[in-house]
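Read off the chains here:
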Amino acid sequence: MRVQAQYVWFDGKITKWEDAKIHIATHALHYGTSIFEGLRGYWNGENLLIFRLNEHVERMFKSAKILGVKVPYTQQEVRNAIIEAVRANNFKEDVYIRPILFVSTQTVALDVRDLDTSLAVFAFPFGKYLPPGGIRAAVVSWRRVHNTMLPVMAKIGGIYVNSVLALTEARSRGYDEALLADINGYVVEGSGENVFVARNGALYTPPVHQSILEGITRDTVITLCKDIGIKVEEKPITREELYTADEVFLVGTAAEVTPVIEVDGRAIGDRKPGPITTKIATLYADVVRGRIEKYSRWVTPVY
Ligand SMILES: CCC[C@H](NCc1c(COP(=O)(O)O)cnc(C)c1O)C(=O)O
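The rules behind the values
Every chain's residues receive numbers from 1 upward, in the order its sequence appears when written. Local features in a predicted model are, by the rule used here, given only for residues with pLDDT of at least 70; side-chain atom pairs are given and counted only at 80 or more, and totals for whole chains, interfaces and linings are based on all residues. To obtain the side-chain values, all non-hydrogen atoms of the structure were included, while hydrogens and water were left out. UniProt positions are given in the numbering used here, feature names are shortened, and annotations may be inferred rather than shown by experiment. Working definition: with a 1.4 Å probe on protein chains only, accessible area under 20% of the residue-type maximum means buried, over 50% means exposed, and in between means partly exposed. Helix numbers and strand numbers start at the N terminus; a helix is a DSSP run of H or I with at least 4 residues, a strand a run of E with at least 2. Two strands form a pair only when DSSP identifies at least two bridges running between them. Put plainly, a pocket is an open set of points on a 1 Å grid over the protein atoms alone with protein on both sides within 12 Å along at least five of seven lines, a cavity is a set where a 1.4 Å probe fits but cannot get out, and a lining residue has an atom within 4 Å of a point. Grid points are joined across faces, edges and corners, and a volume is the space filled by probe spheres set on the points. One speaks of a salt bridge when a side-chain nitrogen belonging to Lys or Arg is within 4 Å of a carboxyl oxygen belonging to Asp or Glu.

By the naming in an unreviewed UniProt entry, the protein is Branched-chain-amino-acid aminotransferase, taken from Pyrobaculum oguniense. UniProt's Cofactor (unreviewed entry) comment on the protein is quoted here verbatim: "pyridoxal 5'-phosphate".

Here it is, written out as structure tokens:
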């Protein structure tokens, strides 16, 4: 799926898509030293609402701190850049927004402390990332990188080779998505999502210290569950618990709330979205389009 837009935001300027280029000696191209985010903008018929803009920008700054690179902008300037990248294209449909901060110095040196960084943001029309009726997932042979090896709480470009290998394996085996186990064999997340398991009316999801990205959608779902009285417990999840769950679903900005109806050839529940998954997916769809006043703090209008 090639992405395309008319205009992008690049180091403070609205630039034509075809002019937004970097040099082949760019540090981030060689070593994966970029920090990126994924946000969604939802068109609700009147305005385009960016979902949890503040939290995504906050995470971008945390990721940069973990990698040890400079961010030559304030959080407000990055929020404005993200809004501008959407506004400049006058989008009036659902979009995916990709800010990326990357080490731009043309060097092969590894120490990043004094190197320069650039910020770019582009947005493009984007619908469903995974089939909303439910997906088939496989626990793949590639393990989730352990957080003593790479700081997986930081959304660092180079770490995504782990996700690339995982999803490519799952798709080559005929599945829609990959589930990754950590070095101890616990299932911790998808290639681009956090995972939830429902059993006897309660939800379980791996704790943040288990080498996962601290997902913003994960936080949204936990908050919504508390508000509607669904118990959520953060605990390690074994493969057997996954196979025998009443429901499994994946959550992420791109994936939103995606039911998992089969894992490694085992049907989950009766192989269709379960009641808890459906309830949360429906509520989430209303929240992101600003239809529920209680969560209006989470949406930022573009126009
Ligand atoms: C290719 C990466 C796409 C990106 N994945 C987001 C993502 C999540 C969910 O995080 P959040 O809820 O904050 O989005 C969890 N875990 C991983 C490894 C992720 O890449 C996304 O935009 O959903």
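Structure shown, so let's carry the discussion forward.
Participant: How would you explain the pairing of strand β14 (residues 247–252) if you had to name every residue and give the values?
Facilitator: Counting buried positions along β14 yields six of six residues, so the element is predominantly enclosed. Alternating residues of β14 divide into Glu-247, Phe-249 and Val-251 and Val-248, Leu-250 and Gly-252, and every residue in both groups is buried. Pairing of strand β11 (residues 194–199) with β14 involves five bridges; the strand directions are antiparallel. When the sheet's bridge partners are listed, Phe-196 is paired in β14 with Phe-249. Bridge count for β14 against strand β15 (residues 256–263) is five bridges, and the pairing is antiparallel. Note on β15: the bridge partner recorded for Phe-249 is Pro-259. What sits between β14 and β15 in their antiparallel hairpin is a turn of three residues.

Participant: How would you sum up empty space enclosed by the protein? Please name residues and give values.
Facilitator: This model, assessed by the stated rule, comprises three cavities of 30 Å³ or more. Estimates place the volume of the largest cavity at around 40 Å³. Around the largest cavity sit Arg-40, Tyr-42, Phe-51, His-56, Ile-216, Thr-217, Thr-253 and Tyr-284, which together line it. Of all elements in the fold, only β4 (39–43) and α5 (216–228) reach the threshold of two or more residues within the lining of the largest cavity.

Participant: Describe the pattern of salt bridges, listing the residues and the values that go with them.
Facilitator: If the charged atoms of two oppositely charged side chains come close together, the side chains can form a pair. Taken as a whole, this structure holds 20 salt bridges when the rule is applied. The partner of Glu-241 in a salt bridge is Lys-235, with the nearest N and O atoms 2.8 Å apart. With relative accessibility at 18%, the residue Glu-241 sits in the buried group. A salt bridge links Arg-271 to Glu-262, with the shortest nitrogen-to-oxygen separation between them at 2.4 Å. Arg-271 sits in the partly exposed class, given a relative accessible area of 40%.

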